[in-house]
Amino acid sequence: MTSSCLPPPRKAPCAPNAGTPPEGRHPATVASLLFVVAALLALVACGETPAPHDPAPQAIAGSADLSDAARQGKTVFDTNCAQCHGPEATGTNLGPTFIDRIYHPGHHGDAAFHLAVTRGVRQHHWNFGNMLPVPGVTETQVGQIICYVRHLQLTNNIFKPTEYQPAC
Ligand code: HEC
């Protein structure tokens, strides 16, 4: 259910408009050479390698207005997850931020959180390495973490209230 790379754009960003050929065709103009180079770069950028760690969004809205369950989730998260996923889930050099479209509830549903904690995660989206299972965090606590993370995502416009409603 998780795709590791967004589909590459259909056209290279600087592709000339195919419908309007330039006046006077020169066989190998500097412009066409530049286009070839740009197309090659685009290919490299959309290759098979995992995406590099995007920098966390500049200013994320923090954990104001948490429900009781989400507040408990924050405590469990801060103790067990924040050393890699960062305070307020903004990421560190050991693990990704969850304030990212990749972790939209439609891409990584709540089950992904339960599985990550009980079974760990094999590296597939980033270059941080694998995540090991986190023993000692109960199913109820994972539910509270999900409330917390979804609250942060909602507050930071990762999804709209019409797309998904946090359970608590
Ligand atoms: C030692 C570092 C570390 C800790 C601690 C950690 N994680 Fe992770 N986690 C990672 C890394 C690294 C990834 C990214 C793997 C990838 O996709 O390349 C990840 C990915 C995830 C994912 C995405 C799973 C998927 O299907 O792609 C979830 C959900 C997650 N972690 C939840 C948690 C929760 C909840 C906790 C705390 C209970 C936690 N993590 C603690 C390192 C960690």
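Residue indices begin from 1 for each chain and proceed along its sequence in written order. Reporting of local features is limited, given that this is a predicted model, to residues whose pLDDT is at least 70; pairs of side-chain atoms are given and counted only at 80 or more, and all residues count toward the totals for whole chains, interfaces and linings.

**Q** Sorry if this is basic, but what is going on with the site of the ligand here?
**A** In the neighbourhood of the ligand, 25 residues make up the surrounding shell, with C81, C84, G95, F128 and M131 lying closest. Helical segments are the DSSP runs of H or I of at least four residues, strand segments are the runs of E of at least two, and each set is numbered from the N terminus. Elements represented by at least two residues in the shell around the ligand include exactly α3 (82-85) and α4 (110-119). For the shell around the ligand, a count of residues per class yields 15 nonpolar, 10 polar and no charged. Being near a molecule or strand means, for a residue, that its backbone-placed C-beta atom lies within 6 Å of it. Think of it as three bins: nonpolar holds Ala, Val, Leu, Ile, Met, Phe, Trp, Tyr, Cys and Pro, charged holds Asp, Glu, Lys and Arg, and polar takes everything else, Gly as well.

**Q** What exactly am I supposed to notice about the packing of helix α2 (residues 68-80) against helix α5 (residues 139-155) here?
**A** The description of two helices packed together rests on the angle between their axes and the distance between the axes. What counts as an axis is a line fitted to C-alpha atoms, over the stretch in contact for a helix, and the angles between N-to-C directions run from 0 to 180 degrees. Direction vectors running N to C along α2 and α5 enclose 100°, while the axes themselves pass 7 Å from each other. On the basis of their axis angle, the class for α2 and α5 is roughly perpendicular. On α5, the residues that touch A69, A70, Q72, G73, K74, V76 and F77 of α2 are Q141, Q144, I145, C147, Y148 and H151. Here the word oblique covers every angle except those under 35 degrees (roughly parallel), over 145 (roughly antiparallel) and from 65 to 115 (roughly perpendicular). Two residues form a contact once the distance between their C-beta atoms, set from the backbone, is within 7 Å.

**Q** Help me understand the nonpolar core in this model?
**A** Proteins that are soluble and globular tend to have nonpolar side chains buried together. Residues I145, Y148 and V149 are the most contacted members of the largest nonpolar core, which totals 17 residues. At the level of elements, α2 and α5 are the ones that each hand at least two residues to this core. The element best represented in this core is α5, accounting for seven residues. Beyond its immediate sequence surroundings of up to four residues, I145 is in contact with G73, V76, F77, C81 and F113. Buried Ala, Val, Leu, Ile, Met, Phe, Trp, Tyr and Cys residues form a nonpolar core when they are connected through C-beta atoms within 7 Å. The burial label depends on the number of other C-beta atoms within 10 Å of a residue's C-beta. Counts of 20 or more mean buried, 12 or fewer mean exposed, and intermediate counts mean partly exposed, with C-beta atoms placed from the backbone.

**Q** Is there a simple way to explain the environment of A64 in this structure?
**A** Here A64 lies in the loop between α1 (30-45) and α2. Sequence separation of A64 and T155 is 91 residues, and the distance between their C-alpha atoms is 9.3 Å.

**Q** Help me understand α5, please; the structure alone is not making it clear to me.
**A** An α-helix turns once every 3.6 residues. As a result, residues three or four positions apart point the same way. For α5, built from 17 residues, the straight-helix expectation of 24 Å at 1.5 Å per residue is met to within 8% by its first-to-last C-alpha distance of 24 Å. Against the buried residues of α5 lie α2 and α4. Directly after α5, the chain includes N157, whose backbone phi takes a positive value near 60°. Helix span, as expected, comes to 1.5 Å for every residue beyond the first.

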